[in-house]
Amino acid sequence: MGEDKLQRAKEDLEDLEIYIKEFSDFLPLAICTVNPLGMVININRAVEILSGYSSFEIVGEHISNLFFEKKGVEKIERAIQKKLSQNRELTLITRRKKKIPVNVIASARRDKEGNYMGYFLALSDVTEVKALQENLEEKIKERTNELQKRVEELEKFHKLTVGRELKMIELKKEIKKLKG
Amino acid sequence: MLNKEELKKISQLKGETRGVVFQTDAKYVLMKEGEKGLKKLEEKSEELGFKIPYQTAKPLDWEPLGLRIVSLLLIKNTFNLSDSEIREMGYFAPKVSFIIKLLMKYFVSIKKTIENVPRYWAQHHTVGEIIVDKADEEQKEIIVRMKTPEFHPIFYTYLEGYYERIARFTNPNMVCQHSKTIIGGESFHIYKIKW
């Protein structure tokens, strides 16, 4: 009976592992599992696609090796140990040394006694958002320049018209003097 | 050259190990030699009379430890691997092992890892034991002693890489070195980890 239960538990565990693997590979969000010492212990398929590395090349490496901003990773680790949620932008360095801006969300892992077990990191590629943002900023800059030009033209026009007006008044005064 | 009779004898050694080892062996072969390589290995093992469950083993099932050693010998012979490549194969295994993922909770610090070494061995094998002889974080040295029946040397070479990788989950500078010693007339395999 005990053997049967053990066998069932073992089979359930294996099924659960398959389910977790299938589910995490399906997720389009890149997720790394990191131990308390900063070593990557698992990644999903989306991390492989985003970084260009295979799982066995990343697992066992320090998580900071994946990013350009080493201090940024340290800050994340410190914050999540203090139970603060973390969301910041870092630069991922791919296998081909390409730099990809990513939004990083970190969440602590704890065991059933509440001991700190490391953390999950979710990475989302913000290249397109950044490009859109930069494009938008460029457009705003162009529009601002255009408006500035218009304002300057208007000021010039204003000066000219006001100057003309003043001249007219002066001339009118002179004519009046001469008549008088 | 592989001797069929010798392999048969090895395969019948006492003791069991978890099926996950055949999965990690297969993953290593796939990584190095691709699908064709794995097929070649399966054909070779069948040719020699062994059906090794590279693609069918369940990670938590108990499988003959002897067959596990036969698998290492077959891989070495089929792909003409050097001893350092066998060590590399051991180094690769914890990165892709399902059981290691389950046991990661033990590798959260050097202290905790050392405390759990004996339990870790017992969860993987039904024979032998592993004893921590020295664990000195100040001197940066850990010495573990394996008390097992005498297996083929390939197994101990593989374990050198395997233990180094496990140790590196706590510190990337750790280096593991295997040696053999005799204490009180009894033979032991020693793994010294330094950093």
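So, how was this worked out
Residues numbered from 1 in each chain as written. Chains lettered and ligands numbered in written order. Predicted model: local features only at pLDDT ≥ 70, side-chain atom pairs only at ≥ 80, totals over all residues. Heavy atoms only, no water. Patch = residues over 30% accessible without salt bridge, like charges linked within 9 Å, V, L, I, M, F, W, Y side chains within 5 Å. Areas by Shrake-Rupley, 256 points an atom, 1.4 Å probe, with all protein chains shown as cover. Salt bridge = Lys/Arg side-chain N within 4 Å of Asp/Glu carboxyl O. Helix = DSSP H or I, 4+ residues; strand = E, 2+ residues; numbered from the N terminus. Buried < 20%, exposed > 50% of the residue type's maximum accessible area, 1.4 Å probe, protein only. Expected span 1.5 Å × (residues − 1). Bend = angle between axes of the 7 residues up to and from the residue. Pairing = 2+ DSSP bridges. Axes fitted to C-alpha atoms, helices over the stretch in contact; angles between N-to-C directions. 1 Å grid on protein atoms, 1.4 Å probe; cavity = no way out; pocket = protein on both sides within 12 Å on 5 of 7 lines; lining within 4 Å. Points joined across faces, edges and corners; volume = space filled by probe spheres on them. Nonpolar A, V, L, I, M, F, W, Y, C, P; charged D, E, K, R; others polar. Contact = heavy atoms within 4.5 Å. Parallel < 35°, antiparallel > 145°, perpendicular 65-115°, else oblique. Left-handed = near helix turned anticlockwise from the far one by under 90°.

A. Spotlight on a nonpolar patch on the surface. Taken together, the side chains of Leu13, Leu16, Tyr19, Ile20, Phe23 and Phe26 of chain A together with Leu102 of chain B define a hydrophobic patch exposed on the protein surface, amounting to about 700 Å² of accessible area. With 6 residues, the top contributor of residues to the nonpolar patch is helix H1 (residues 2-26) of chain A. Here Phe23 of chain A is to be found in helix H1. The class of Phe23 of chain A is partly exposed, set by a relative accessible area of 42%.

B. Highlighting helix H6 (residues 110-124) of chain B. All names here are of chain B. Between the first and last C-alpha of H6 there are 20 Å, a value that for 15 residues agrees with the 21 Å anticipated at 1.5 Å per step. Considering bend angle alone, the principal kink of H6 is centred on Val117 and spans about 50 degrees; proline Pro118 follows within four residues of it. Buried within H6 are the following residues: Ile110, Thr113, Ile114, Asn116, Val117, Tyr120, Trp121 and His124.

C. How the structure looks around the sheet that holds strand E1 (residues 30-34) of chain A. Residue and element names in this part refer to chain A. Ordered by their spatial adjacency, 5 strands build an open sheet running E2-E1-E5-E4-E3, and the pairing between neighbours is antiparallel. Of all the strands in the sheet, the pair left with one neighbour each is strand E2 (40-43) and strand E3 (86-93). On average, each strand axis in the sheet is inclined to that of its neighbour by 30 degrees, with strand direction left out of account. Across 3 bridges, E1 lies against E2 in antiparallel orientation.

D. Seen up close, the layout of surface pockets. By volume, the second largest pocket amounts to about 440 Å³. Around the second largest pocket, the lining comprises 16 residues; the ones closest to its centre are Leu6, Lys10 and Leu13 of chain A together with Arg18 and Leu60 of chain B. Contributing elements (two or more residues each) for the lining of the second largest pocket: H1 of chain A together with helix H5 (98-103) of chain B. With 6 residues, the single largest contributor to the lining of the second largest pocket is H1 of chain A. Grouping the amino acids of the lining of the second largest pocket by side-chain chemistry returns 9 nonpolar, 2 polar and 5 charged.

E. Focus on the sheet that holds strand E3 (residues 129-136) of chain B. All names here are of chain B. Strand order across the open sheet formed by 4 strands is E3-E4-E6-E5, with antiparallel pairing between neighbours. Two strands bound the open sheet, and with one partner strand each, they are E3 and strand E5 (175-183). Each strand axis lies, on average, 20 degrees off the axis of its neighbour in the sheet, ignoring direction. The pairing of E3 with strand E4 (residues 141-147) spans 7 bridges and is antiparallel. When the bridges of E4 are listed, Glu129 appears paired with Lys147. Along the sheet, H6 contacts E3 and E4; its crossing angle with E3, the most-contacted strand, is approximately 165 degrees.

F. Spotlight on the packing of helix H2 (residues 20-47) of chain B against helix H4 (residues 83-96) of chain B. Residues and elements named next belong to chain B. Viewed as axis vectors pointing N to C, H2 and H4 meet at an angle of 110 degrees, and their least axial separation amounts to 9 Å. Accordingly, the angle class assigned to the pair H2 and H4 is roughly perpendicular. The chirality of how H2 crosses H4 is right-handed. Listed contacts from H4 to Thr24, Asp25, Lys27, Tyr28, Met31 and Lys32 of H2 are Glu85, Glu88, Met89, Phe92, Ala93 and Val96.

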